[in-house]
Amino acid sequence: MNASTPSRPLDLSRLYRRCVFRSDTQAESHHQVASALSDHDLRWSRGPADTALFKAGVNDLQIMALRYGAEVEVMPAVFQDFSLVHMSLRGVMEVEADGRKVCVGPGRSALIAPRKNIRMRWQKGAEQLIIKVPKALLEEVRHGQGGAAGLEPVLLLPEAAVAQWDLLVQSLLTSADRAPGNEVAQAWLQHFERNVALFLLSCPQGGAPSQMRHPEPEALSSPESVRRMEALDAYIHTKLCAPVSTFDLARVIGVSVRTLNLLCRRYRGCTPMELLRNRRLDAVRAHLLSKPGVNVTSAALEHGFGHLGRFAAYYRERFGELPNQTAASVSAAVQRLSAGTIAGIG
């Protein structure tokens, strides 16, 4: 499957009926997630602590949907008895495990099995489908196939495998928390779980596709970098009124956040978020100039500026005047033009 062919959305209705907790407090959110997954440190950044966890099980596998309203940094203890598969339902999560780093965007999945250390950065509003896979199940399947190699610390599942993986995940969701059946049904579920583990183990190991490599400084001058910046400009133009993070910008052009910063510094002389802000300021000014009498507050809010004081300061820094001065000068020009037209008619 190529990047232009989206997979079918997952039916999460069964999972969403099994809410473990909802909370808008940081302390309770931290405690509940640690109890369900593993002990971890949690650093909260911007955004509300609008946390929710949903959880269901098959036999050995556990399936969860977890969201944080805020942007967070999660530093779990290294997994001992299990591995995790993270699939981004909304937003972006960046994972760094044992020196390897991947960016998990919407619809993509990563198998995480660190041995030394791990750090996750969740974009504001991100939601992840998480499958907890016991180490014993992976070992059983690996030995049954005659394999001995361990898993990479973090592996982004190949894009070509997304459609097949989605089918497996949907089958897991459909089978979750069903009432115990007969021995044949139970044996089928166990067989299916082994197939899920076999699929994960069969993904190419070695880390080359999963490791986000940073270009050397001279590579930043390549035609590909110019093309990426053009793609970034085009994307920003479509998101002038929508919430956008640095993770979003990096994902769209297929680079790490670090490389995105290097590219923006080289080609635009500013950070990615400064570039986004300047494009929005330009759009507000064009709006004020083209529509006499427009409300300045409405124009600011429509272009992603929620803090009007900072908006006015940014506007004056960029254009040398306050936004209400721009609006007033446009209205005055229109009045002069109207008066001249009426005088000419008279």
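Residues numbered from 1 in each chain as written. Predicted model: local features only at pLDDT ≥ 70, side-chain atom pairs only at ≥ 80, totals over all residues. Heavy atoms only, no water.

Draft legend 1. Quick look at the pattern of salt bridges. Applying the stated rule across the entire model yields 16 salt bridges. Salt-bridge contacts for Glu127 lead to Arg90; the nearest nitrogen and oxygen are separated by 3.2 Å. Of this pair, Glu127 sits in strand E11 (residues 127–134) while Arg90 sits in strand E6 (residues 82–90), and the two are 37 residues apart along the sequence. In this structure Glu127 comes out as buried when scored by relative accessible area, which is 7%. On the basis of relative accessibility, which here comes to 43%, the residue Arg90 falls in the partly exposed class. Arg227 serves as the salt-bridge partner of Glu224, at 2.6 Å between the closest nitrogen and oxygen. With Glu224 and Arg227 both in helix H6 (residues 223–238), this residue pair falls three residues apart, about one helical turn. The structure contains a network of salt bridges with shared partners spanning Arg43, Glu73, Glu94, Glu96, Arg119 and Arg121. (Salt bridge = Lys/Arg side-chain N within 4 Å of Asp/Glu carboxyl O. Helix = DSSP H or I, 4+ residues; strand = E, 2+ residues; numbered from the N terminus. Buried < 20%, exposed > 50% of the residue type's maximum accessible area, 1.4 Å probe, protein only.)

Draft legend 2. Spatial organisation of H6. In this model H6 runs 23 Å from its N-terminal to its C-terminal C-alpha over 16 residues, within 8% of the 22 Å that 1.5 Å per residue would give. Among all positions in H6, only Ser225, Met229, Leu232, Tyr235 and Ile236 are buried. Seen end-on, H6 carries its buried residues on one side only, within an arc spanning 120°. Projecting away from the buried face of H6 at angles above 90 degrees are the exposed residues Pro223, Glu230, His237 and Thr238. Elements that come into contact with the buried residues of H6 comprise helix H7 (246–253), helix H8 (257–268) and helix H9 (272–290). (Expected span 1.5 Å × (residues − 1). Arc of directions from axis to C-beta. Contact = heavy atoms within 4.5 Å.)

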